[in-house]
Amino acid sequence: MYDHKKIEAKWRERWQEEKLHAPNLDKASRPFYNLMMFPYPSGEGLHIGNMYAFTHSDCYGRFKRLNGYDVLEPIGLDGFGIHSENYALKIGEHIKKVSARTEKNFYKQLQMIGGHFDWDRTVETYKEDYYRWTQWLFLQMYKQGLAYRKKSPVNWCPSCKTVLSDEQVINGECERCDSKVEKKEMEQWFFKITDYAEKLLKNLEWIDWSSDVKLGQKNWIGKSVGAEITFHFKGTKQKVKVFTTRPDTIFGATYLVIAPEHPLLKDETLRIENQKEVDSYIKKAIKKSEIDRIKEDKEKTGVELKGVRVINPLTKKTIPVWVADYVVMNYGWGAIMAVPAHDERDFEFAKKFELPIKKVIQPIDEKSAKLVLKKCFAGKGITVNSGFLNGLKTKVAQRKIIDYLKNDKIGKSCVNYKLRDWCISRQRYWGPPIPMIKCKKCGWVPVPEKDLPVKLPPLNDFQPDGSGKGPLNKIKDFVEVKCPQCGGQAKRETDVSDPFVDSSWYFFRYLSTEDNKQALNKERIKKWMPVDMYIGGKEHTVLHLLYSRFVTMVLHDLGYCDFEEPFKRFFGHGLVIKDGAKMSKSKGNVVNPDEFIKRFGADSVRLYLMFLSDVRQGGEWKDAGIAGMFRFVKRTWKIYEEFQVESITKNSGSSKLKSIKIPRLHKTIKKVTDDLERLSFNTAIARIMEFVNWYYTAKNSLEEQEKHFLLSQLAILISPFAPHLGEEFWSILGNKNSVFKEKWPAYNKDLIEDKQIELVVQINGKLRGKIKVSPDISQQEAFVLAVEDKKVRNFLGKHKIKRKIFVKGRLVNLVI
RNA sequence: GCCGAGAUGGUGAAAUUGGUAAACACGCUAGCUUCAGGAGCUAGUGGAUUUUUUGUCCUUGAGGGUUCAACUCCCUCUCUCGGCACCA
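On a predicted model such as this, the values are computed, not experimentally measured, just so you know. (Residues numbered from 1 in each chain as written. Chains lettered and ligands numbered in written order. Predicted model: local features only at pLDDT ≥ 70, side-chain atom pairs only at ≥ 80, totals over all residues. Heavy atoms only, no water.)

1. Let's talk about the overall build of chain A
Right, so step 1: A count of helices and strands for chain A gives 27 helices and 35 strands.
Right, so step 2: Reported as C-alpha extents along the three principal axes, the dimensions of chain A are approximately 105 × 90 × 50 Å.
Right, so step 3: When each of the 816 residues of chain A is scored for burial, the buried share is 55%.
Right, so step 4: Sequence separation of at least 24 residues holds for 72% of the intrachain contacts in chain A that already meet a minimum separation of 6.
Right, so step 5: One finds the centroid of the 141 positive side-chain charges in chain A at a distance of 4 Å from the centroid of its 104 negative side-chain charges. (Helix = DSSP H or I, 4+ residues; strand = E, 2+ residues; numbered from the N terminus. Buried < 20%, exposed > 50% of the residue type's maximum accessible area, 1.4 Å probe, protein only. Contact = heavy atoms within 4.5 Å. Lys, Arg positive; Asp, Glu negative; His and termini not counted. Charge placed at Lys NZ, Arg CZ, Asp CG, Glu CD.)

2. Points about the nonpolar core
Right, so step 1: One finds Tyr33, Trp422, Tyr506, Phe508, Phe550, Trp621 and Phe721 to be the most contacted residues of the largest nonpolar core, which totals 177 residues.
Right, so step 2: For this core, the element with the highest residue contribution is helix H22 (residues 681-698), accounting for 11 residues.
Right, so step 3: Discounting residues that sit within four places of it in the chain, tyrosine 506 has contacts with Leu35, Met36, Met37, Phe38, Val123, Tyr130, Tyr534 and His544. (Core = buried A, V, L, I, M, F, W, Y, C linked by side-chain atoms within 4.5 Å.)

3. Digging into the protein's contact with RNA strand B
Right, so step 1: Taken together, the neighbourhood of RNA strand B is formed by 53 residues, with Thr245, Arg345, Lys418, Arg631 and Lys671 sitting nearest.
Right, so step 2: Counted by atom, the contact set of RNA strand B within 4 Å of the protein is 61% sugar and phosphate.
Right, so step 3: Between a base oxygen of RNA strand B and a side-chain N or O atom of lysine 770, the distance comes to 3.1 Å.
Right, so step 4: Listed by contribution, the elements that provide at least two residues to the surface near RNA strand B are helix H7 (211-221), strand S12 (239-244), helix H20 (623-650), H22, strand S32 (757-763), strand S33 (766-773), strand S34 (803-807) and strand S35 (811-815).
Right, so step 5: The leading source of residues in the surface near RNA strand B is H22, at seven residues.
Right, so step 6: Of the residues contributing to the surface near RNA strand B, the split by class is 19 nonpolar, 12 polar and 22 charged. (Near = heavy atom within 4 Å. Polar contact = N/O pair within 3.5 Å; in protein donor to acceptor, adjacent residues only side chain to side chain. Nonpolar A, V, L, I, M, F, W, Y, C, P; charged D, E, K, R; others polar.)

4. Topic: the packing of aromatic side chains
Right, so step 1: According to the stated counting rule, one finds 54 aromatic pairs in the structure shown.
Right, so step 2: With a centroid separation of 5.5 Å and an interplanar angle of 45°, the aromatic rings of phenylalanine 80 and tyrosine 131 are classed as tilted. Residue phenylalanine 80 is found in the loop between strand S3 (76-77) and helix H3 (82-91), and its partner tyrosine 131 is found in helix H5 (residues 128-143); the two are separated by 51 residues along the sequence. Comparing phenylalanine 80 with tyrosine 131, the two get one shared label, buried.
Right, so step 3: Taking the centre distance of 6.2 Å and the plane angle of 35° together, the rings of tryptophan 209 and phenylalanine 567 count as tilted. Here tryptophan 209 is found in strand S10 (residues 208-209), whereas its partner phenylalanine 567 is found in the loop between helix H17 (544-557) and strand S28 (569-573), with 358 residues between them in sequence. The burial state of tryptophan 209 is the same as that of phenylalanine 567; both residues are buried.
Right, so step 4: Cluster of aromatic residues (ring-pair linked, three or more members): Phe38, Trp209, Tyr506, Phe507, Phe508, Tyr510, Tyr534, Phe563, Phe567 and Phe570.
Right, so step 5: Over the ring of tryptophan 156 we find lysine 184, and its NZ or CZ is 4.0 Å from the ring centre.
Right, so step 6: The aromatic ring of tryptophan 333 is capped on one face by lysine 241, whose charged end is 4.1 Å from the ring centroid. (Phe/Tyr/Trp six-rings, centres within 6.5 Å; stacked < 30°, edge-to-face > 60°. Lys NZ or Arg CZ within 6 Å of the ring centre and 35° of its normal.)

5. Quick look at the pattern of salt bridges
Should their charged atoms come close, side chains of opposite charge can pair.
Right, so step 1: Scanning all chains against the criterion turns up 38 salt bridges.
Right, so step 2: For the salt bridge of aspartate 58 with arginine 62, the shortest nitrogen-to-oxygen distance reads 3.0 Å. One end of the pair is aspartate 58 and the other is arginine 62, both in helix H2 (residues 48-66) and four residues apart, which spans about a single turn. A single burial state applies to aspartate 58 and to arginine 62, both of which are buried.
Right, so step 3: Across the salt bridge formed by arginine 569 and aspartate 208, the nearest N and O atoms sit 3.3 Å from each other. With arginine 569 in strand S28 and aspartate 208 in strand S10, this residue pair connects regions lying 361 residues apart in the sequence.
Right, so step 4: Classification of arginine 569 as partly exposed rests on a relative accessible area of 25%.
Right, so step 5: By sharing partners, the salt bridges in this structure join Asp26, Asp118, Arg121, Glu514 and Arg524 into a single network. (Salt bridge = Lys/Arg side-chain N within 4 Å of Asp/Glu carboxyl O.)

6. Quick notes on the sheet that holds strand S27 (residues 533-537)
Right, so step 1: With parallel pairing, the five strands of this open sheet are ordered in space as S2-S1-S27-S28-S10. For this open sheet the edge positions go to strand S2 (70-72) and S10, each flanked by a neighbour on one side alone.
Right, so step 2: Two elements, strand S1 (residues 31-36) and S2, share three bridges in a ladder whose sense is parallel. By the bridge assignment for S2, proline 31 is matched with aspartate 70.
Right, so step 3: Set on the sheet, H2 makes contact with S1, S2, S27 and S28; between it and S1 the angle comes to about 175°. (Pairing = 2+ DSSP bridges. Axes fitted to C-alpha atoms, helices over the stretch in contact; angles between N-to-C directions.)

7. With respect to empty space enclosed by the protein
Right, so step 1: All chains considered together, the criterion is met by five cavities of 30 Å³ or more.
Right, so step 2: The computed volume of the largest cavity comes to approximately 70 Å³.
Right, so step 3: Around the largest cavity, the lining residues are Trp15, Gln16, Lys19, Leu20, His21, Ala22, Phe117, Asp118, Trp119 and Asp120. (1 Å grid on protein atoms, 1.4 Å probe; cavity = no way out; pocket = protein on both sides within 12 Å on 5 of 7 lines; lining within 4 Å. Points joined across faces, edges and corners; volume = space filled by probe spheres on them.)

8. Points about the pairing of strand S14 (residues 303-311)
Right, so step 1: In the sheet, strand S11 (residues 224-233) pairs with S14 via two bridges, with the strands oriented antiparallel. Bridge assignment links phenylalanine 233 to a residue of S14, and that residue is valine 310.
Right, so step 2: When S14 meets strand S15 (residues 318-323), the two strands line up antiparallel, connected through five bridges. Looking at S15, one finds that arginine 309 is bridged to proline 320.
Right, so step 3: Here S14 hands over to S15 after six residues, with lysine 316 in that stretch at a positive phi of 65°.

9. Side note on the confidence of the model for chain A
Right, so step 1: Residues of chain A with pLDDT of at least 70 account for 97%, and the chain-wide mean is 91.
Right, so step 2: Confidence metrics for the complex model read pTM 0.94 and ipTM 0.94. (pLDDT = per-residue confidence, 0-100.)

10. Some thoughts on the state of the cysteines
Right, so step 1: Counted according to the given criterion, the structure contains zero disulfides.
Right, so step 2: For cysteine 439, which is in no disulfide, the shortest distance to another cysteine sulfur is to cysteine 486 and amounts to 3.6 Å.
Right, so step 3: A relative accessible area of 4% means that cysteine 439 is categorised as buried. (Disulfide = S-S within 2.5 Å.)

11. Some words on a positive patch on the surface
Right, so step 1: The grouping of Lys438, Lys440, Lys469, Lys476 and Lys491 at the surface amounts to a positive patch.
Right, so step 2: In this fold, lysine 440 is placed in the loop between strand S22 (436-439) and strand S23 (443-446). (Patch = residues over 30% accessible without salt bridge, like charges linked within 9 Å, V, L, I, M, F, W, Y side chains within 5 Å. Areas by Shrake-Rupley, 256 points an atom, 1.4 Å probe, with all protein chains shown as cover.)

12. Notes on the sheet that holds S34
Right, so step 1: Within the open sheet, the four strands sit side by side as S33-S32-S35-S34. Their pairing is mixed. Both edges of this open sheet fall to S33 and S34, since each of them pairs with a single strand only. Here the average twist between neighbouring strands, direction ignored, is 20°.
Right, so step 2: Here S32 pairs with S35 via four bridges, running parallel.

Structure (structure tokens):
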């Protein structure tokens with residue numbers, strides 16, 4: 001009887017005792033760092049989605065181990081953060097208590113799934129010995145000028161009562177609680193990720209990552225190459241700078257638009273005649289939340305600054321100036337030159353407010369040429385109505401106009417990024433206090449490194465109050481401190497940092513969790529990093545995966561590592577869905593992994609998750625499907641059980657074979673190996689199933705020694721997928737050591753190739769016959785045999801063969 | 001709106017370089033079996049067509065194209081799922 005509970009518990013214990021999954025970090029000769037995204041421990045326990053990722057990742061790690069690598073596969077908990085905190089608030093329990101409980105539960109679950117985890121070096125972001133170094137990281141950032149304070153409109157979640165980073169706002173809503181995010185003008189701590197925009201973009205060209213994730217990052221960074229051009233106001237000395245990617249269209253700039261937040265709008269020297277009207281528009285526009293701006297169907301609004309005009313530096317004509325919220329302050333210079341004929345938004349605006357539209361680009365294709373002025377044309381073409389730029393192609397015109405602007409000192413080429421600095425302040429309790437002190441005399445002073453950690457003080461009522469200050473502000477003993485510089489009265493920063501700061505460097509910390517004297521161990525980093533394989537969710541494209549790259553680049557510049565990119569390879573998996581939809585509590589289609597592990601065992605759940613479909617695409621979970629996998633496991637189990645009984649009854653002490661010439665085995669080994677290498681887990685399992693099916697049909701004609709050898713090989717092949725079973729099978733065969741100390745089976749190339757193959761005979765591309773031939777049959781022979789085939793002859797009749805195609809080892813196609 | 005990924009049997013899905021579409025499963029059908037167990041075994045299972053079926057024709061969202069040959073490449077369209085969202 002296959003008793004998965006007993007077997008799995010036995011091997012889990014033994015792995016733990018033998019520390020089978022804890023490589024020696026200093027002595028390992030072939031390090032392989034196999035990383036998976038550490039989960040944030042929710043109250044609900046490990047989600048099937050986490051398990052999906054872990055299972056594939058673990059299978060790959062175990063495969064690498066069997067191929068002779070020293071595999072480090074660490075695990076931990078991303079436990080700080082709003083998610084955990086909100087859950088604690090919801091159930092009315094203190095977050096510290098909740099965390100202690102979820103930690104226990106998560107680690108138990110993680111043990112149950114049988115991962116190759118090194119339990120001696122877990123990382124919990126909310127423990128002092130970790131967040132101390134998160135604070136240290138902040139101080140390094142501060143020293144480099146990469147952490148700074150800035151007052152700016154930030155994303156405020158009214159429900160979580162904290163600010164959020166741009167990356168945490170999804171469609172104008174809070175990533176955590178889906179509340180509408182508001183814009184608030186606040187002073188916050190930022191990390192200067194924009195300093196690394198170019199490097200973050202450039203390295204995307206060579207890192208081996210899923211291409212959609214790379215593209216997502218590229219778009220988020222959003223590099224635009226163009227020019228900045230200065231426009232002078234008529235009648236005053238004021239001027240305004242604009243950014244444009246199409247300086248070549250400047251002759252078509254028929255008006256200028258300024259963002260509502262632009263400081264020029266408060267400039268009295270402009271003498272705006274309708275200042276009141278303008279002010280009320282500005283007030284309304286600024287009040288709008290992001291989501292309102294999106295939901296209003298992008299209907300253009302705006303107000304003309306009456307009596308104000310700027311001079312187009314090329315046409316020398318004056319053009320009107322408008323304020324409109326389709327221009328945003330935090331990109332470029334908060335002002336644009338509007339070229340309605342060649343920009344979608346300007347076109348729409350000009351149509352609505354009846355502003356002049358002037359064509360300056362002639363499209364090359366006729367279809368678009370006909371539509372110019374009826375529709376906007378934003379493409380490239382030939383410049384017209386533009387003085388000295390006439391007749392030039394867009395690219396040439398752009399170069400020429402930039403040279404002109406430079407000579408006249410009214411503009412220059414310029415690059416802009418959509419990426420903005422990372423706002424890391426959070427007005428919450430459950431995070432690492434930002435290690436800064438504000439002194440009346442000295443200003444902001446960093447906490448000296450020797451004083452770290454700034455401990456998160458106990459606080460019973462940790463509910464955020466929405467005052468714009470974190471709950472820590474309520475604790476006098478915490479707030480009131482002496483200035484480390486002058487000893488005078490000072491106050492601590494009471495905000496904590498974004499949990500994404502915690503996770504931006506955890507993979508470094510895994511390497512030296514036992515060392516509490518320093519954050520990072522350079523030698524080990526050199527030996528083990530960058531991470532060889534990282535498997536995780538694509539939802540972190542512009543969050544964790546971007547932040548980690550940034551932090552690694554900073555650590556590189558500080559000399560802690562000699563690489564700029566933390567993850568050599570990142571592989572994004574798809575989602576597990578159920579009943580055709582993403583799992584969610586409200587839909588009631590959440591799969592609880594515990595229940596299935598209990599019923600069928602971790603091995604069956606692992607196998608099923610990997611068998612579902614291609615890991616890149618995700619797959620659909622079916623309760624009936626896992627039962628089928630359980631059946632396969634039991635069938636395989638029976639083979640070993642039978643073998644054990646036989647060998648006991650026969651009691652034959654015959655010597656073991658070292659190799660075997662059964663092509664079926666060699667083909668299976670090749671298939672499984674190739675499939676695992678290209679991360680095609682589902683087909684690898686299919687191949688193992690085929691092998692088991694074959695074994696059933698062949699077993700009666702096999703010698704005991706042969707069986708023993710075949711089953712040994714099968715035990716190893718199956719062990720990355722179903723590690724407990726692998727071990728159990730291995731021990732049934734009489735082995736004392738762990739199967740994971742074995743070598744991955746090798747195949748004999750000569751046995752892969754069949755001595756006889758079926759060559760397909762097509763007539764006009766349609767299958768008409770099959771002939772049995774040797775794989776290296778010559779073209780001539782193949783044609784002769786093909787024509788001799790009865791069926792083929794029937795089809796050919798009296799037709800003349802016009803053409804013959806021969807594909808070696810595959811087919812013959814006769815064209816008639 | 002823009003960008004990306006996808007659409008293959010009743011279902012989840014395979015098909016690595018353009019070369020036998022549907023591997024491997026689930027489900028279903030029939031039969032066998034009876035340690036009644038979330039059982040096991042055997043056979044069948046894309047559709048149409050009663051032409052002895054070891055046959056023929058059709059079939060990878062729709063339509064067109066390239067090719068001896070297209071799930072795969074190109075064009076047009078439809079739908080689904082993700083990402084971005086006035087970024088000049």
